[in-house]
Amino acid sequence: MEDSSRKRWRVLEFYSGIGGMRYSLIKAGVDAQVVEAFDINDTANDVYEHNFGHRPFQGNIQGLTAADIDIYKADAWLLSPPCQPYTRQGLQKQSGDARAFSFLRILELIPEALNPPTAIFVENVVGFETSDTHERMIEMLAKTGFVTQEFILSPLQFGVPYSRPRYFCLAKRKPLSFQRMWLNSKLLWSPSPLVGQDIDPADDEPLQQRDNWDNYIDSCLPIEQFLEFNEDVNREIYLQDVSVVPLEMIGASIENDAIDECSVSTEDQYLVPSSLIERWGNAMDVVYPDSHRCCCFTKSYYRYVKGTGSLLATVKLEKKGKTYPLKEQRLRYFTPTEIANLHSFPESFSFPQHVNLRQRYALLGNSLSVAVVAPLLQYLFFEPNSQQTFLLDGEICHVDQRNCSNAVL
């Protein structure tokens, strides 16, 4: 039975995007209600409403007041603020970047609110942890009575063949506490605390050492299990150059304001033009259906092939002593559905028909990994000495502090 002493969590979801955080909350099996979501992006809100039946509050988060927040009587705030101020490719202006202002405003609301949250979750890119924004966040959380545990984790550590390391901060306001209190105020690179592994409080040094993501590749599922199309990876034949097909088709698909769902499902429109292969082939990250890793997809995946995500070779030409050029391996972009699969979104997720291909790629590039965030939320909302409900292999199960290993996703 549920622990009747614990009321249902009331959650505010800031920067809600296309719903990755909410899907993670559902996957975690937390007894929670999202009382409001906030996002300024009109198209993202269309997608969120399409999948959840509720349209997020659309406005500048920076303009929210403590009174605006207090009306929700929320116990938890979940946040995935803009990452551009902290990315390696950006200007790295950190708190001086206008895109950081809304998050700084949310931090100011904590002491101003009459009903401040008792739990906070923050997701961002690797690099945020060394920023002045992070310093201000930790200072504010400590000032307002929170204890924190921080993680840098990748889907690779959870069996998903997707290299997307991200920073996470979990915070609880006293007297709430984490199950493993000795990890407070530490930055961890291991998922061990989340999956019920025994940890020696006197020897947590390995958890704080930067992990080698490549160590997890062999234990990840093959990419073919996340694909929308069936690929033939063993042909030993020569394919004619298909580069004449996609350039106009890809351009039209990306630019069109509306998408015909039938045309989107055809593989040919995702083929990479030979002109791009000739120019950028040496810089492309090419993977195969039987590969166990692909690179992080960014919001610019539809525009650039260098450093924005992996490309899939749909024909793997193999003959002894001969290496075939990339143009003969029928390279294509991963489809939006496949990227959503690698984000561990549920099969029920879909885009409204009016959202074009360019927008789909951009929105997915700004989203998060459900496979990583769900166990983190389980860990955040778990209360020592109480029973919680969790999803395990798609089924509801109940765990308590003495059997927390059952909470592994």
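Residues numbered from 1 in each chain as written. Predicted model: local features only at pLDDT ≥ 70, side-chain atom pairs only at ≥ 80, totals over all residues. Heavy atoms only, no water.

- An unreviewed UniProt entry annotates the protein as tRNA (Cytosine(38)-C(5))-methyltransferase originating from Trapa incisa.
- Per its UniProt entry, the protein bears the Sequence similarities (unreviewed entry) comment "Belongs to the class I-like SAM-binding methyltransferase superfamily. C5-methyltransferase family." (UniProt positions renumbered as here; feature names shortened; annotations may be inferred.)

### Observations concerning the packing of helix α4 (residues 101-112) against helix α5 (residues 132-143)
- Look at α4 against α5: their axes get within 10 Å of each other, and the N-to-C directions meet at 10°. Considering the angle they form, α4 stands roughly parallel to α5. Two secondary-structure elements touch here, α4 through F103, L104, L107, E108, I110 and P111 and α5 through T133, R136, M137, M140 and L141.
- The residue inventory of the contact of α4 with α5, partitioned by class, reads eight nonpolar, one polar and two charged. (Axes fitted to C-alpha atoms, helices over the stretch in contact; angles between N-to-C directions. Helix = DSSP H or I, 4+ residues; strand = E, 2+ residues; numbered from the N terminus. Parallel < 35°, antiparallel > 145°, perpendicular 65-115°, else oblique. Contact = heavy atoms within 4.5 Å. Nonpolar A, V, L, I, M, F, W, Y, C, P; charged D, E, K, R; others polar.)

### Description of the pattern of salt bridges
- Counting across every chain of the model gives 13 salt bridges.
- For the salt bridge of R55 with D46, the shortest nitrogen-to-oxygen distance reads 2.8 Å.
- The exposure class of R55 is partly exposed, given its relative accessible area of 28%.
- For D46, a relative accessible area of 18% translates into the label buried.
- With a shortest N-O distance of 3.0 Å, E49 and R55 are connected by a salt bridge. (Salt bridge = Lys/Arg side-chain N within 4 Å of Asp/Glu carboxyl O. Buried < 20%, exposed > 50% of the residue type's maximum accessible area, 1.4 Å probe, protein only.)

### Topic: the environment of R180
- Structurally, the position occupied by R180 is in the loop between β6 (166-173) and β7 (187-188).
- Residues R180 and P384, 204 residues apart in the sequence, show an inter-C-alpha distance of 9.2 Å.

### So, the UniProt feature "active site" (unreviewed entry) in the protein
- UniProt's feature table lists "active site" (unreviewed entry) at C83, given in the numbering used throughout.
- One can find C83 in the loop between β3 (76-79) and α4.
- The residues touching C83, leaving out its near neighbours within four places in the chain, are N124 and V125.

### Focus: the sheet that holds strand β2 (residues 32-38)
- Strand order in this open sheet of seven strands is β2-β1-β3-β4-β6-β5-β7, and the pairing throughout is mixed. This sheet does not close on itself; its edge strands, each paired only once, are β2 and β7.
- Taken together, the four bridges between strand β1 (residues 9-14) and β3 define a ladder with parallel strand orientation. Note on β3: the bridge partner recorded for E13 is L78. (Pairing = 2+ DSSP bridges.)

### Considerations on the nonpolar core
- By size, the foremost hydrophobic cluster in this structure holds 74 residues, and its most contacted members are F121 and F334.
- For this core, the leading source of residues is helix α11 (residues 370-381), giving 10 residues.
- Beyond its immediate stretch of four places on either side in the chain, F121 contacts M21, W77, L78, L79, F168, C169, L170, V373, L376, L377 and L380.
- Y86, A100, L107 and M137 belong to the second-largest nonpolar core, a separate cluster that totals 38 residues. (Core = buried A, V, L, I, M, F, W, Y, C linked by side-chain atoms within 4.5 Å.)

### Description of unusual backbone geometry
- In this structure, P175 follows K174 across a cis peptide bond, with omega equal to 15°.
- Residue position: P175 is located in the loop between β6 and β7.
- With phi around 65°, S344 is a residue other than glycine that occupies positive phi space.
- With respect to the helices and strands, S344 occurs in the loop between α9 (336-342) and α10 (357-365).

### A word on the pairing of β3
- Burial of the side chains of β3 extends over both faces: A76 and L78 are buried on one face and W77 and L79 on the other.
- With four bridges joining them, β3 and strand β4 (residues 119-125) adopt parallel strand pairing. Directly across from L78, in β4, lies its bridge partner F121.

### Description of the sheet that holds strand β8 (residues 286-287)
- An order of β8-β9-β10 is seen for the three strands of this open sheet, with the pairing classed as mixed. The open sheet has two edge strands with one neighbour each: β8 and β10 (331-333).
- When β8 meets strand β9 (residues 311-313), the two strands line up parallel, connected through two bridges. The partner of V287 across the bridge, within β9, is L312.

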